[in-house]
Amino acid sequence: MKRALVPLAVLALLALAIAAPQYITVRYYVQLILLAMIWTIMAHGQNIIQGMTGYVSITQAGLMGVGAYASTLLSIRLGWPVWASMAIAPFITALFSVFVGYPSLRVKGHYFAIVTLAFNMVIFIVLMNFTSLTRGEAGIFNIQRPEPLFGLVDFDDRVAYYYLVLTVAVVMTALTWLLMRSSIGRTLRAIRQNENLASACGVAVWKYKLFAFVASAFYAGAAGALYAHYIGFINPETFGVAQSLDAILAVILGGTGTLFGPVLGAFAVVFLPEYLRIAESFRLIVYGLLLVVATILMPRGALPLLGRAWHAAARRLGFPK
Amino acid sequence: MADGATSPALTLRGVSKHFGGVRAVDDLSFSLGTNEILGLIGPNGSGKSTTVNLIAGVFPLTAGAIQLGGQAIEAIPEYARPPLGLARTFQTASLFPGFTALEQMLVGGHVQMRERGIGALFASRAARAEEAARIQDATDLLAFVGLGGCGATPIENLSSAQQRLLMIGSALASRPRVLLLDEPAAGMVAAERRALCDLILAIKARGVSVMVIEHHMALIMKVCDRIVVLNFGQKIAEGTPDAVRNDPKVIDAYLGVSH
Ligand SMILES: Nc1ncnc2c1ncn2[C@@H]1O[C@H](COP(=O)(O)OP(=O)(O)O)[C@@H](O)[C@H]1O
Ligand SMILES: [Mg+2]
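Residue positions are given per chain, counted from 1 along the sequence in the order it is written. Each chain is given a letter, starting from A, and each ligand a number, starting from 1, according to the order in which they appear as written. Where totals are concerned, whole chains, interfaces and linings use all residues; where local detail is concerned, this predicted model gives features only for residues with pLDDT of at least 70, and gives and counts side-chain atom pairs only at 80 or more. No hydrogens and no water enter the side-chain calculation; it runs on all heavy atoms of the structure.

## With respect to the coordination of the magnesium ion (ligand 2)
Residue and element names in this part refer to chain B. Taken together, the protein ligands of the magnesium ion (ligand 2) are Ser49 (OG) and Gln91 (OE1), with distances of 2.1 Å. Remark: glutamine 91 occurs in the loop between β6 (86-88) and α2 (101-108) and serine 49 occurs in helix α1 (residues 48-56); sequence separation between them is 42 residues. Remark: exposure states derive from per-residue accessible area (1.4 Å probe, protein chains only) relative to the maximum for the residue type, with buried under 20%, exposed over 50%, and partly exposed in between. A residue is classified by how much of its surface remains accessible, and serine 49, at 21% relative accessible area, is partly exposed. According to the relative accessible area criterion, glutamine 91 is partly exposed, its value standing at 34%. Coordinating donors are taken as N, O and S atoms within 2.8 Å of the metal, stretched to 3.2 Å for Na, K and Ca; because water is absent from the atoms, sites can appear incomplete. In DSSP terms, a helix is any run of H or I states spanning at least four residues, a strand is any run of E spanning at least two, and both are numbered starting from the N terminus.

This is how it looks when you write it as structure tokens:
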């Protein structure tokens, strides 16, 4: 019964997301949902390496920055069509991740988290200081939206862009689902659960870990491109380590290794700070506390908790199981 | 066969492994004949598990050479040895927590998979056909090791003896020619050990060469064609079960009394 309800719940969620801009009149909320969907793409990527494979990467925002700057620079400096720039950005980001992942994932142990953290810092420093290319802290303005589609859909319209982001988020969610149910997903979970045994079973562990990291970078690159061409302005601040910690938080809060946990977590990390404005200067402290409390109260994230709550409610209301 | 007249499935020559000052394995040479069951026995800490880890490629040799079916494998990484026909189990229960028995078997049969790329991701026709074949194969093997009907059972719900059997099944799923079993009877009661004896003999009957480490002498004496005895990383005896159990050096170092 419960299994049969999952596709229905997904369809309902999708219908809600499609209807939202038509009914929500406050543009600010449409913007928040749009950003949360971009963060959903980020979080899916983070979930592939952190949740499915068990290796915490601390550079998801840095990689998002690579995607954002790649797409921006291609379209502004080289005059590429925005569509082409956005489409190529995830691949450029994935390529970058190979250079970090290859040396750090070939060795066992905890180097990976530290190397990725360092990588995020390097990205930040380069974006800050390579001013001839990135304009440093001042950032890049007037980043264009994509060209009109068939001369019909005008993406300068926020709602049209909303549907573009929704489409990409749905496609990336579907891709993640395919990965999870494939034999590749099973092998990634095996590595997370017992890397030594996976190796003894003949799994070329480092190749799978590298694949997971490169996939996570691909997602981050797509999110970065969508972000840059939506906001129209980027500077390094958005792509620092703090935002990478948010991506980790989104996965943990939502439900590590699950398909919809990161969606939930992405909405949480976009909406919560908006409601915790007063706590702006205590951001990291509040987040730290939140993380500790969440880990204690819901060690497997919010999604399994919601599942249990649903079960309890269903029982109370007398639904068959 | 028992005297190794056929070409060996596995050969160790002058193999040593030092951990700092500890000579865990010291100038060890022996071979496992094709379709033979070889026992590896000795006191705790005599280097048995280290020998298995060296053959499997968990860590590099300090000295020596290892051949699998005539091919030198000491420079080949651990994950590239199972495709050559080598499989092993671990002394301590080693499975994938949270997996079902069937999922465990499918990862155990990883090297049998052809469709690992884009085809697997998008569940192409070939990938689905292969997955179905692998599931059939795994289900048959589960029945073979005595876990018929347990495919959907989460590993955590299996008894410790069943987990031991699953480890063997998972190793067999790679279709090995050489199987290394490290204390497969650990935590089993007498009846379960007797069933394990039959299983090991049935594995041999399938044409697999088996090296088995065990402390239960009844099991070792029953299934082994030959036995190698280790003490302090060195081979102190080698021969048929009868010869080994009456060897004064072995009785002195390990058995205590004649079995
Ligand atoms: N990874 C390791 N690092 C350091 N010492 C080890 C390691 N593995 C085994 N040893 C040592 O090597 C010796 C042999 O151990 P082992 O092969 O596990 O013995 P057995 O399996 O015969 O009980 C022991 O002294 C043990 O402490
Ligand atoms: Mg041992």
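Once the structure has been displayed, the description carries forward.
## Remarks on the domain arrangement of chain B
Residues and elements named next belong to chain B. For chain B, the domain assignment lists domain 1 (1-85 + 177-184 + 210-259) and domain 2 (93-175). For domain 1 and domain 2, the distance between their C-alpha centroids amounts to 28 Å. Counting from both sides, the interface comprises 8 residues of domain 1 and, opposite them, 6 residues of domain 2. Using a 1.4 Å probe, buried area is obtained as the accessible area two parts lose upon being combined, added over both of them. Taking both partners together, domain 1 and domain 2 bury about 500 Å²; carbon and sulfur atoms supply 70% of that area. Considering only the surface of domain 1 that becomes buried against domain 2, Pro82, Leu179 and Pro184 emerge as the three largest contributors, covering 59% of it. Just to be clear on terms, a salt bridge is a Lys or Arg side-chain nitrogen sitting within 4 Å of an Asp or Glu carboxyl oxygen. The interface formed by domain 1 and domain 2 contains 0 salt bridges. By the criterion applied in these results, polar contacts are pairs of N or O atoms within 3.5 Å in which, for protein atoms, one can donate a hydrogen and the other can accept it, and in which residues neighboring in sequence qualify only through two side-chain atoms. Our enumeration of links across domain 1 and domain 2 arrives at 1 residue pair in polar contact (both at pLDDT 80 or more). By the convention adopted, Pro, Cys, Tyr, Trp, Phe, Met, Ile, Leu, Val and Ala count as nonpolar, Lys, Arg, Asp and Glu as charged, and the other residues, Gly among them, as polar. Taken together, the residues that form the side of domain 1 that touches domain 2 break down as 5 nonpolar, no polar and 3 charged. Domain limits in this description derive from either an automatic procedure or a database domain assignment. In what follows, residue pairs with any heavy atoms lying within 4.5 Å of each other are defined as contacts.

## Details of the side chain of Gln60(A)
Residue and element names in this part refer to chain A. By secondary structure assignment, the location of glutamine 60 is in helix α3 (residues 60-76). Of the residues examined, glutamine 60 reaches a relative accessible area of 0% and is grouped as buried. One polar contact links the side chain of glutamine 60 to the main-chain carbonyl oxygen of serine 216, over a distance of 3.2 Å. Not counting residues within four places of it along the chain, the set of residues in contact with glutamine 60 comprises Met42, Gly45, Gln46, Ser216, Ala220, Ser244 and Ala247.

## What to know about the packing of α3(A) against helix α4 (residues 82-105) of chain A
Residue and element names in this part refer to chain A. Two elements in contact, α3 and α4, have axes separated by 8 Å at closest approach and are oriented at 140 degrees. Our classification of the angle between α3 and α4 gives oblique. Helix-helix and strand crossings are classified by hand; for α3 and α4 the assignment is right-handed. Where α3 approaches α4, its residues Leu63, Val66, Gly67, Ala70, Ser71, Leu74 and Ser75 are matched on the opposing element by Val82, Ser85, Met86, Ile88, Ala89, Ile92, Thr93, Phe96 and Ser97. The class makeup of the residues in the contact of α3 with α4 is 10 nonpolar, 6 polar and no charged. Every axis in this analysis is a line fitted to C-alpha atoms, fitted for helices over the stretch in contact. Angles between the N-to-C directions lie between 0 and 180 degrees. Should an angle fall under 35 degrees it is taken as roughly parallel, and over 145 as roughly antiparallel, whereas 65 to 115 is taken as roughly perpendicular and any remaining angle as oblique. In this scheme the handedness of a crossing depends on how the near helix is turned from the far one: anticlockwise by less than a right angle means left-handed, clockwise means right-handed.

## Points about the interface of chain B and chain A
Each side of the interface is counted separately: chain B has 28 residues, and chain A has 25 residues. Regarding the contact of chain B and chain A, the summed buried area is about 2200 Å², with carbon and sulfur atoms giving 62% of it. Between the two partners, chain B and chain A, sit 2 salt bridges. Across the pair Arg189(A) and Glu103(B) runs a salt bridge whose closest N-O atoms are separated by 3.4 Å. Between chain B and chain A we count 6 residue pairs in polar contact (both at pLDDT 80 or more) in total. Ranked by the residues each element gives to the side of chain B that touches chain A, the list is headed by α2(B), at 5 residues. Grouping the constituent residues of the side of chain B that touches chain A by class yields 15 nonpolar, 7 polar and 6 charged.

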